[in-house]
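Topology and contacts: notes
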Amino acid sequence: MSEEKYVLNADFGISAGLFNKRPLKPATFVIFGATGDLTMRKLVPGLYNLFVDNQLPEDFTILGVARSKRSLEDFKSRLKTGVEKYSRSGFNSDDWEKLAGRIGFFQMDYDLDESYFELSKLIEIEDDKNKDRSFLFYLATPPASFAPILSGLGKHGLITPEHLKGLPHTRVVVEKPFGRDTATALELNSIARMYLDEEQLFRMDHYLGKETVQNLLIFRFANAIFEPIWNRRYVQKVRITAFEKIGIEGRGRFYEETGIVRDVLQNHLLQIMALCAMEAPSSFDAERIRDERAKVFNSIRPLNSADTNSVSLGRYKGYLDEKDVSPDSKTPTYASVKMFIDNWRWEGVPFILSTGKALSQKMTQVEIYFAPVPLCLFEDKDVCTKLEPNVLTIRIQPEEGITLKIGAKTPGEKLDVSPVNMHFDFNTSFKGKAQQEAYEKLLLDCLKGNQTLFARQDEVERMWKFVAPLLEGAKDGSIEIKEYDVNSDGPEVKP
Ligand code: BG6
């Protein structure tokens, strides 16, 4: 067995550093939905930081594509504001000018054949000089535009299956949610697969790019002591929480289409759950890791949406008054489920996943509750009632870190026990090491062709299947959507 296999390369998820060793080809980023929020807040600030850190190929260009008309100057000025406001490393006008020199803008109708001809000419995808160039099409549009754009790109030869050699390298990044449900995800996939190999399709879920989410696997598979207790014999329950303080921030139209189940539960939370629950992969290779995640999704017990102890949906007070929200909206802004994974490791252990908007705090974390001691050896009854089970809390954000709650002797003559914390804090331990933004990491992975941190089609289908009863229940009214106060912890009754 080669030793290389056991090297966990700095470039997460890649055995033997394969992707790191490949020089990056010249690249063209084509961003659809370029006048939208995502481009301004995440994509262009991410590209700016990669550029400043010299992580992009020397020869690269960015073309923003949008339906609405804009002058190039207007477009760049909006992006500049985005970089000033959201760049992780701050803003430097010289660097910005250099980047801005590589940015173009193209207005087009996503349904019009003519537009794709023009786009193809503009990026010179058929030009011989670009034979060795990567073209990355990023679909940062509302989900309804994914299918027409994929078909348009495919029909006009802008994207082509990689296995047909000698053609330019084309990859497509699709923002989550991939589809609206199982049927639309399948349909979208079949359109994509007419023109692309699975290796060219990057289903984006930015949570997988967060350092602390990646660290879930490092924590589990770089530390031997937790593995023997990481199972149904020692773990009593797992709680995964992603709370946000913000509401929908004026995105009524998007939110009415999406809702919390499609926006966060179906993707971010289920992916975190899979990383906590999966078996060790046979290697740290993208496909092997995706295989293990997919196995978890295959083992999820279907939700019993009629069980109010297992399912709770909510809507914050005032949601109905938000702009572009229908007065008889059936869109939840809070969701919580108790789910089970029917496999040898996890049988009988509840995983409680909760997420919502307009809650008391911004916080994403995983809590592993361990079994209590089998017997209380302390004679004092008071002490026995005070014993608390160990809880391992993995803070994804903010205050990124890991805490293990243990019982300790309270100093003093009298025997007493108090819960105390053993704590690892990312910022203290890695002082001076900036955490790469999720989008930076993932954009770079797209360029490198590394799919470890992207969902595969089978995962996506299973995740849709799991949330289907929630989507249906919200729509047909069989699951009540309970109102909750802004700044609270969601509806009172929940799993
Ligand atoms: C996005 C959702 O995927 O994640 C947003 O569409 C949500 O509604 C956001 O606010 C939260 O991301 P983060 O990285 O701030 O936790």
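Structural notes, computed from the coordinates. (Residues numbered from 1 in each chain as written. Predicted model: local features only at pLDDT ≥ 70, side-chain atom pairs only at ≥ 80, totals over all residues. Heavy atoms only, no water.)

1. Concerning the side chain of Thr 170
- Note that Thr 170 resides in strand 5 (residues 169–175).
- Reaching out from Thr 170, the side chain makes a polar contact with the backbone nitrogen of Thr 160 at a distance of 3.3 Å.
- The residues contacting Thr 170, other than those within four sequence positions of it, are Ile 125, Phe 135, Phe 137, Leu 158, Ile 159, Thr 160, Glu 162, Leu 196 and Gln 200. (Helix = DSSP H or I, 4+ residues; strand = E, 2+ residues; numbered from the N terminus. Polar contact = N/O pair within 3.5 Å; in protein donor to acceptor, adjacent residues only side chain to side chain. Contact = heavy atoms within 4.5 Å.)

2. Details of the site of the ligand
- In the region of the ligand, the neighbouring residues are Lys 176, His 206, Tyr 207, Lys 210, Glu 244, Arg 251, Asp 263, His 268, Lys 357, Lys 362 and Gln 397.
- Contact between the ligand and Asp 263: an oxygen atom at 2.6 Å from a side-chain N or O atom of the residue.
- His 268 has a polar side-chain atom sitting 2.8 Å from an oxygen atom of the ligand.
- With the chains in place, 81% of the 390 Å² that the ligand exposes on its own is no longer accessible. (Near = heavy atom within 4 Å. Areas by Shrake-Rupley, 256 points an atom, 1.4 Å probe, with all protein chains shown as cover.)

3. Things to note about a nonpolar patch on the surface
- Taken together, the side chains of Leu 375, Leu 377, Phe 378 and Leu 415 present a nonpolar region at the surface, about 410 Å² in accessible area.
- Among the structural elements, Leu 415 can be located in the loop between strand 13 (401–409) and strand 14 (417–425). (Patch = residues over 30% accessible without salt bridge, like charges linked within 9 Å, V, L, I, M, F, W, Y side chains within 5 Å. Salt bridge = Lys/Arg side-chain N within 4 Å of Asp/Glu carboxyl O.)

4. Looking at the environment of Thr 355
- Among the secondary structure elements, Thr 355 is positioned in strand 10 (residues 351–356).
- Separated by 205 residues in the primary sequence, Thr 355 and Leu 150 have C-alpha atoms spaced 31 Å apart.
- When near neighbours in sequence (up to four residues on either side) are disregarded, Thr 355 contacts Ala 242, Phe 243, Ile 260, Val 264, Leu 265, Leu 269, Thr 333, Tyr 334 and Ala 335.

5. What about the sheet that holds strand 6 (residues 201–204)?
- Here we have 6 strands laid out as an open sheet, ordered 3-2-1-4-5-6, and parallel in their pairing. Both outer strands of the open sheet, strand 3 (103–107) and strand 6, are each paired with one neighbouring strand and no more. Ignoring which end each strand starts from, the neighbouring axes of this sheet average 20° apart.
- As paired elements, strand 1 (residues 27–32) and strand 4 (residues 134–139) share 6 bridges and run parallel to each other. Bridge pairing in strand 4 places Ala 27 opposite Ser 134. (Pairing = 2+ DSSP bridges. Axes fitted to C-alpha atoms, helices over the stretch in contact; angles between N-to-C directions.)

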